[in-house]
Amino acid sequence: MLIRRITCARALPLSIPMATSPLFSHLKPFSPSSSLPPRVPSSSRSFPFSSLASASPSKPSSKRANPPIAALVEVGGVKIAKDDVVRESDPTNNVPDNIFSKIGLQLHRRDNHPIRILKNAIYDYFDTSYSSKFVKFDDLCPIVSVQQNFDEVLVPADHVSRSYNDTYYINADTVLRCHTSAHQAELLRDGHSYFLVTGDVYRRDSIDSTHYPVFHQMEGVRVFSPDEWEGSGADATSYAAMDLKKCLEGLARHLFGAVEMRWVDTYFPFTNPSFELEIYFQERWMEVLGCGVTEQEILSRNGRNDCVAWAFGLGLERLAMVLFDIPDIRLFWSTDQRFTSQFSEGKLGVKFKPFSKFPPCYKDVSFWITDSFTENNLCEVVRGIAGDLAEEVKLIDNFTNKKGMTSHCYRIAFRSMERSLTDDEINQLQWNVREAVQNKLHVTLR
Ligand code: PHE
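Residues numbered from 1 in each chain as written. Predicted model: local features only at pLDDT ≥ 70, side-chain atom pairs only at ≥ 80, totals over all residues. Heavy atoms only, no water.

Here Thr 370 shows up in the loop between strand 13 (361–368) and helix 12 (375–386). A residue is classified by how much of its surface remains accessible, and Thr 370, at 26% relative accessible area, is partly exposed. Through-space distance from the C-alpha of Thr 370 to that of Thr 406 is 8.0 Å; in sequence the pair is 36 residues apart. Apart from residues no more than four positions distant in its own chain, Thr 370 is found in contact with Leu 441, His 442 and Val 443. (Helix = DSSP H or I, 4+ residues; strand = E, 2+ residues; numbered from the N terminus. Buried < 20%, exposed > 50% of the residue type's maximum accessible area, 1.4 Å probe, protein only. Contact = heavy atoms within 4.5 Å.)

What follows is the structure in C-alpha cells.
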C-alpha cells in the first residue's frame, strides 16, 4: 500500500486497487502525478492548488452531489471539529470538506463491513500463530505530525510522498497520515514488541475503480531481542527476514488458500532489506503487501538498540476487493442495504452480487494547462463537485501547439452505484466541474 502513484502498478490488469501498491517503492517509475512539483525540501514547499472557490456570477443553481457534512467527528475519544482540519483561507492547508467527512467513519470498525471482516481474519491468524501476543490498535487518530508520518520513519526530506500534491496537509507540520507506519516509532518507544495497527489513511490521487483518497491499511511490527536469534546460526537481519517471510506466507495462505507466491525486492525508507509479496490469484500476479527488516536507526532512536525487527503494511481494500469480488472501491463507503446486507462477520470470501449496474455517463473537459497543473489537483476538484458519482477521470488527449501551450482533454465518467442519474443532474455536475476547474486550477478552458 504502499504507495500507489506508480505507473506500472496502474497498468496492472483489472482491479488491483492501487491502495495497495507501495508508496515508497523507488524501483518502479512514478505516475505522472509524482513528477510534478514534488521532491522539493519541505522548507521550500509551494502549495500548487488553492482550496478557495471563486464563484462565478453566472453560475446556475449549484446543487452538490455530496451529502451534508457534520461539523464535528470523534476518533478514539478525541473530538475533531471541521475547522480543525479544513481551513480554506490557509495556503498550507489542502484538506477539502469531502475528506474531512470521512474522518471518524472507520470502516474497519463497522459491523459486518468487509474491511472489518478482513481485519478480523488477519487478527485470527496472528492470534493463532503467536498465542495472542500481538497488541492491536485500531483507533489511533489519523491526524499526525509531519514528524510521525515522515521523519520518524526516515522518509527523505525530498521524497515525493511529502509533496502537497500527494499528501493532505492540515498545516505545514500536520497531516492526515498517508500510511499506518506513522505510528511505528511511538509504539516502539512505548515498549511494544508485537503490534498491529489498523486505520484509515489518506492520499491525494487519481480517480478510478481502484483509487479512493481514503483507504485502510494494516501495519504489523515484531521486535526480537538478541536471545531470540543468538544460537540460530543466522545473523540478526537474516533471522528477522526469514521469520518475516514465513509469517507472511502463512498469512497469505490463511486468506487465499494454497496459492503460488513470490517475493520481489523493493525499496522503502524504513526497512532494509525490503520486499513485496505477490500471489498468483485469478490468473495474475497480485501484490499483497510491502515489508522488510526495520532500519536499525528507527530501533536505536526509540530505545531498542540491541534489537532487530520486521514490519509489514498491507492495503485492506485491495485484498477485500479480490476476496469478496467487489468491483469498485467506492462501494466500501456505501450505506445502501443492498451492499451492506451481503456481508457478515466471520465470512471471508463471500462473493458480492452486484444489485444492478447503472449506466455511466461520459463528459469531456479540455483546457490549456499551466506549469503547476497536476492530475491529482484536477481529481480533487472533480471529487469536490461530484463526490462518489465520479467514477473515473482519464486523460484522453494531450498535445502541445507551436506556441508551446499544452492542452489536456479528460474524460470524466459519472456513475452512481445506487441509482440512475438524470441528464439534468449530470449536465449540472459537468457545468460545476468546468467552472471549478477554471477557477481553482487557473487553467484556460477550450
Ligand atoms: N508504509 C508502507 C506504504 O504505505 C508499507 C510498509 C509498511 C512497507 C511497513 C514496509 C514496512 O507504502
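Take the pairing of strand 14 (residues 390–400) next. When strand 14 meets strand 15 (residues 406–414), the two strands line up antiparallel, connected through nine bridges. Within the sheet, the bridge partner assigned to Asn 398 lies in strand 15 and is His 408. Connecting the antiparallel pair strand 14 and strand 15 is a turn made up of five residues, with Gly 404 showing a positive phi of about 85°. (Pairing = 2+ DSSP bridges.)

Below, the discussion takes up helix 4 (residues 114–129). If you check helix 4, its first and last C-alpha atoms are 23 Å apart, about what 16 residues at 1.5 Å a residue would give, namely 22 Å. Burial in helix 4 covers these residues: Pro 114, Ile 115, Ile 117, Leu 118, Lys 119, Ala 121, Ile 122, Tyr 123, Tyr 125 and Phe 126. Once helix 4 finishes, Ser 131 follows within two positions and takes phi at roughly 40°, a positive value. (Expected span 1.5 Å × (residues − 1).)

Structurally, the position occupied by Ser 161 is in the loop between helix 5 (146–149) and strand 5 (169–171). Spatially, the C-alpha atoms of Ser 161 and Phe 150 are 8.8 Å apart, while their sequence positions differ by eleven residues.

Going through the model one piece at a time under the given rule, you end up with 24 aromatic pairs. Measuring from centroid to centroid gives 6.3 Å for Phe 134 and Trp 310, while their planes differ by 25°, and the two rings are stacked. Within this pair, whereas Phe 134 is found in the loop between helix 4 and strand 3 (135–137), its partner Trp 310 is found in strand 12 (residues 308–315), the two being separated by 176 residues in sequence. Given a relative accessible area of 2%, Phe 134 falls into the buried group. Ring geometry for Phe 224 against Tyr 239: centres 5.6 Å apart, planes inclined by 85°, an arrangement best described as edge-to-face. Of this pair, Phe 224 sits in strand 8 (residues 214–224) while Tyr 239 sits in helix 8 (residues 236–256), and the two are 15 residues apart along the sequence. According to the relative accessible area criterion, Phe 224 is buried, its value standing at 1%. Grouping aromatic residues by their ring pairs yields a cluster made of Tyr 125, Phe 126, Tyr 130, Phe 134, Tyr 194, Trp 310 and Phe 312. The ring of Tyr 123 is capped by Lys 136, whose NZ or CZ atom sits 5.3 Å from the centre of that ring. (Phe/Tyr/Trp six-rings, centres within 6.5 Å; stacked < 30°, edge-to-face > 60°. Lys NZ or Arg CZ within 6 Å of the ring centre and 35° of its normal.)

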